Amino acid sequence: MTRVVRGFGWLLVVSGVVVLLYVVYLLWFTGLETERAQRELAETWSLTVPDGPVAGGQPDDPPDRVEEDEDEEDEEVALGDAFAALWFERDGERIVDDEVLFVVSGATLQLLRSGPGHYPLSDRPGGAGNLAIAGHRTTYGAPFWSLDVLTEGDTIHVVDRRGREWVYAYREQRIVAPTDVWVLGADPLGSGAPTITLTTCHPRGSAAQRLIVWGELLGDPIESTARGTTPQEIAGRVEG
């Protein structure tokens, strides 16, 4: 009987160590993987957008905004390539993350290991519809760990591959079910204004629900070719 109890005790110890190592892997090593991917995206971004933001840059040196050429066609961005740069501000200071976050094209679980990901059928930065971006909240660098700190007066900054900076004013946040794909629609707030939608898991460490943050574009919108896309079509492109 003593041997059985001792054996069971060692089993619990070993199980605890395995669980602990797994947690360390999820929180530490996945973060290193994302950090490396973000550095690579920053390098390619600097070649694509020479005057764009640099990872680790200061809050007071955002890229200059340029005028839109309405005759210019949208650029096709390959899945996994740098789609945009993203950061958040409150009273001129960065919040949520101290670094510029490079957004990849695509929002599959695999692609989100590199950083936040653009839902492929949602709008482009500055478009007249809904620009939707997903990000991890606990693993792979946890870019949206503190997404819930956003409040009225905060701004969401997005720079596209042409170096244009688009600023969105924070509007609201909600907790929804994973099946509530209406949040990815062309006008999820029903305001008629160009919108950005940020999605992440809720609560931290669980995928039971989704935290959704919305912002509305400050400035003139651009006509969008993705405005009529349904939320179901967008969500169908995302794994998990």
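Everything below is about the structure shown above.
The residue numbering used here restarts from 1 in each chain and proceeds along that chain's sequence as written. Per-residue local features are limited, in this predicted model, to residues with pLDDT of at least 70; the limit for side-chain atom pairs, both in listing and counting, is 80 or more; totals at the level of whole chains, interfaces and linings are taken over all residues. Note that the side-chain values use all heavy atoms of the structure and ignore hydrogens as well as water.

Looking only at helices and strands, one finds 2 helices and 9 strands in the chain. Secondary structure elements are defined from DSSP: runs of H or I of at least 4 residues count as helices, runs of E of at least 2 residues count as strands, and each element is numbered from the N terminus. Starting at the N terminus and ending at the C terminus, the chain contains elements arranged as α-β-β-β-β-β-β-β-β-β-α. When the 240 residues of the chain are sorted by exposure, 46% land in the buried category. The criterion used for residue contact is that any of the two residues' heavy atoms lie within 4.5 Å. Long-range pairs, those at least 24 residues apart, make up 68% of the contacts in the chain with a sequence separation of at least 6. Per element, the accessible surface of the chain, about 12700 Å² overall, is 54% carbon and sulfur. Whether a residue is buried, partly exposed or exposed follows from its accessible area with a 1.4 Å probe, protein chains only, as a fraction of its type maximum: under 20%, in between, or over 50%, in that order. In this description, accessible areas are obtained by the Shrake-Rupley approach with a 1.4 Å probe, and a residue is regarded as covered only by the protein chains that are shown.

What follows covers the side chain of Gln-38. Relative to the assigned elements, Gln-38 resides in helix α1 (residues 2-48). Once residues lying within four places of it in the same chain are set aside, the contact partners of Gln-38 are Val-100, Leu-101, Phe-102, Ser-114, Gly-115 and Pro-116.

The subject of this paragraph is unusual backbone geometry. Residue Pro-203 is bonded to the preceding His-202 through a cis peptide linkage, with omega at -10 degrees. Along the polypeptide, Pro-203 turns up in the loop between β8 (195-202) and β9 (209-218). Here the phi dihedral of Tyr-140 falls at roughly 50 degrees; this positive angle occurs in a residue that is not glycine. Tracing the backbone shows Tyr-140 in the loop between β5 (130-134) and β6 (155-159). Under the relative-accessibility criterion, Tyr-140 is labelled buried at 10%. Here the phi dihedral of Ala-142 falls at roughly 45 degrees; this positive angle occurs in a residue that is not glycine. Inspection of the secondary structure puts Ala-142 in the loop between β5 and β6. What makes Ala-142 buried here is its relative accessible area of 14%.

Nine residue types can take part in a nonpolar core, namely buried Ala, Val, Leu, Ile, Met, Phe, Trp, Tyr and Cys, and a core is a set of them joined through side-chain atoms within 4.5 Å. By size, the foremost hydrophobic cluster in this structure holds 24 residues, and its most contacted members are Phe-88 and Leu-198. Looking at this core, the elements with two or more residues in it are β1 (82-90), β3 (101-105), β5, β6, β7 (165-176), β8 and β9. Of the residues forming this core, the biggest block, 4 residues, is contributed by β1. Leaving out residues up to four positions away in the same chain, Leu-198 has contacts with Phe-88, Ile-133, Phe-144, Leu-147, Ile-156, Leu-211, Ile-212 and Val-213. Counting residues in each nonpolar core, the second largest holds 12 residues, with Trp-45, Val-49, Val-100 and Leu-111 among its members.

Moving on to the pattern of salt bridges. Two side chains carrying opposite charge are able to pair once their charged atoms lie near each other. Only one rule defines a salt bridge in this text: a Lys or Arg side-chain nitrogen within 4 Å of an Asp or Glu carboxyl oxygen. Counting across every chain of the model gives 7 salt bridges. Put simply, Arg-137 and Asp-148 hold a salt bridge, and the shortest N to O gap is 3.4 Å. Of this pair, Arg-137 sits in the loop between β5 and β6 while Asp-148 is found in the loop between β5 and β6, placing the two residues 11 residues apart along the sequence. Look at Arg-137 and you get buried, because its relative accessible area is 5%. You can call Asp-148 partly exposed: its relative accessible area is 33%. For Arg-204, the salt bridge is made with Asp-148, and the minimal N-O distance between the two is 3.6 Å. Here the residue Arg-204 occupies a position in the loop between β8 and β9, and Asp-148 occupies one in the loop between β5 and β6, the gap between them amounting to 56 residues. Here Arg-204 falls in the partly exposed class, since its relative accessible area comes to 37%.

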